[in-house]
Amino acid sequence: MKTISSVVSLCAVAAVLLGRPATAAETFKPGEVWPDDRGQHIQAHGGGILKLGDTYYWFGEDRAQNNQRGLRYVSCYSSTNLAHWTFRNQVVKLADPENLGRGWILERPKVFYNAATKKFVMYAHIDNGTYKVASVAVLTSDTVDGDYQYLKTFRPLGHESRDIGQFVDDDGAAYLIFEDRPFGFRIATLSKDYLTVETEVCLIPEHMEGGAVVHYNGLYYALGSALTGWNPNPNKFATAKSLAGPWSEFKDIALPEKNTYGSQSSMMVKIVGTKATTVIFLGDIWKPRTQWDSRYLWMPLEIGDGKLALPEPHAWTLDIKTGEASVKK
Ligand code: GAL
């Protein structure tokens, strides 16, 4: 009978013979075209990630060139390693549900799974062409990659809401982050069925879009971008012991002249592995004139002890089991 170690080394030899490194780590190439299982560039801009079991689902704006004019699309992809994504479905193909007119928008979709109702609940920024409606749309589905049905549009807690973000804490509590132009950005709890926004946890009086939060080693980190539309700007972060604050001052996540390496924040994803915990910055590199070709900047953050830094983008690897990330320099 073979020992485990000889089996392992045989596997390693086989992997080398097959031209693959003997590691479970997958490579990420920030800023490059990111093909899905069909070989098409992933259409999940301004997106969000939902984890169910060992599978990650990536939802985002589908801005493919051949989409029908007038409709707004959200696509869903799945992966078990965050690097290779399988296209699942255009889960939203929506005709202007509130008669917002030409140029209406459905942006930054985020999906929450409600274990009690077993429903998948999507929030998105819905607006007219001049961004004056400033509301959220709610859509639901019985399956993660089903056709999401439009439910309603409203202003969360009566406030303006443009860019939204999602945060699910380690205890499973779900929060919506939303930008309220006159005041700053807000973090609020969802109702039990997730179909409405219930209680404000905090107003951070900082004018920020692309709001994202992560809970890491006993501290909350919030980050976002300045309000410069599709143009990149220096994204900033703050920390707090409690989501309700008080929050520290906001500081740059990279050298300000780098403008977040041409990207804008959309989410932070925490990978808790057997050996390490990695927090990934998910950013969009927008191409306003060729939106379908907008790129993604995903990089592991340098995070801890109240500090957070987005390293210069280079190819990097992640072992989803061990949680170890390594940037190739
Ligand atoms: C950005 C925002 C995007 C989109 C864009 C439109 O600031 O983050 O989601 O709304 O403005 O100009």
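Basis of the calculations
Residues numbered from 1 in each chain as written. Predicted model: local features only at pLDDT ≥ 70, side-chain atom pairs only at ≥ 80, totals over all residues. Heavy atoms only, no water. Pairing = 2+ DSSP bridges. Helix = DSSP H or I, 4+ residues; strand = E, 2+ residues; numbered from the N terminus. Axes fitted to C-alpha atoms, helices over the stretch in contact; angles between N-to-C directions. Buried < 20%, exposed > 50% of the residue type's maximum accessible area, 1.4 Å probe, protein only. Near = heavy atom within 4 Å. Polar contact = N/O pair within 3.5 Å; in protein donor to acceptor, adjacent residues only side chain to side chain. Nonpolar A, V, L, I, M, F, W, Y, C, P; charged D, E, K, R; others polar. Core = buried A, V, L, I, M, F, W, Y, C linked by side-chain atoms within 4.5 Å. Contact = heavy atoms within 4.5 Å. Phe/Tyr/Trp six-rings, centres within 6.5 Å; stacked < 30°, edge-to-face > 60°. Lys NZ or Arg CZ within 6 Å of the ring centre and 35° of its normal.

Draft legend 1. Structural detail: the sheet that holds strand β3 (residues 55–61). Read from one edge to the other, the open sheet built from 4 strands follows the order β2-β3-β4-β5, with strand pairing classed as antiparallel. Because the sheet does not close on itself, it has two edges, and the strands there are β2 (45–52) and β5 (86–95). Here the average twist between neighbouring strands, direction ignored, is 20°. Where strand β4 (residues 71–79) lies against β5, 8 bridges are found, and the strand directions are antiparallel. Considered in β5, the bridge of R72 is made with L94.

Draft legend 2. Unusual backbone geometry, seen in detail. Residue P246 is bonded to the preceding G245 through a cis peptide linkage, with omega at 5°. Position of P246 relative to the elements: it lies in the loop between β16 (236–240) and β17 (251–252). Despite not being glycine, N99 has its phi angle at roughly 50°, a positive value. For N99, the position within the fold is in the loop between β5 and β6 (105–114). A residue is classified by how much of its surface remains accessible, and N99, at 70% relative accessible area, is exposed. Located in the positive-phi region is L157, a residue other than glycine, with phi close to 55°.

Draft legend 3. Seen up close, the site of the ligand. With respect to spatial proximity, the complete set of residues near the ligand consists of E107, R108, Y131, D163, E209, G229, W230 and Q264. Separating an oxygen atom of the ligand from a backbone N or O atom of G229 is a distance of 3.2 Å. Here the shell around the ligand is composed, by residue class, of 2 nonpolar, 2 polar and 4 charged.

Draft legend 4. A look at the nonpolar core. Core analysis: the biggest nonpolar cluster contains 41 residues, and I49, W58, L82, W85, W298 and L308 have the highest contact counts within it. Every element with two or more residues in this core is listed here: β3, β14 (209–216), β15 (219–225), β18 (264–272), β19 (277–285), β20 (295–300) and β23 (316–318). With 20 residues, the next largest nonpolar core counts Y57, L94, W104 and I126 among its residues.

Draft legend 5. View of the side chain of T239. Among the structural elements, T239 can be located in strand β16. Beyond its immediate sequence surroundings of up to four residues, T239 is in contact with L219, Y220, Y221, P246, W247, S248 and G306.

Draft legend 6. Geometry of the packing of aromatic side chains. Applying the stated criterion across every chain, the model contains 20 aromatic pairs. Seen from their ring centres, W58 and W85 are 5.2 Å apart, and the 65° between their planes marks the pair as edge-to-face. One end of the pair, W58, is in strand β3; the other, W85, is in the loop between β4 and β5, and 27 residues separate them in sequence. Assigned by exposure class, W58 and W85 land together as buried. Note on W85 and W298: the rings are 6.2 Å apart at their centroids and 85° apart in plane angle, and the pair reads as edge-to-face. Remark: W298 occurs in strand β20 and W85 occurs in the loop between β4 and β5; sequence separation between them is 213 residues. Since its relative accessible area comes to 3%, W298 is described here as buried. Put simply, the rings of F28, W34, W58, Y77, W85, F87, Y296, W298 and W316 pair up and form one aromatic cluster. Between the NZ or CZ atom of R38 and the centre of the ring of F87, over which it lies, the distance is 3.7 Å.

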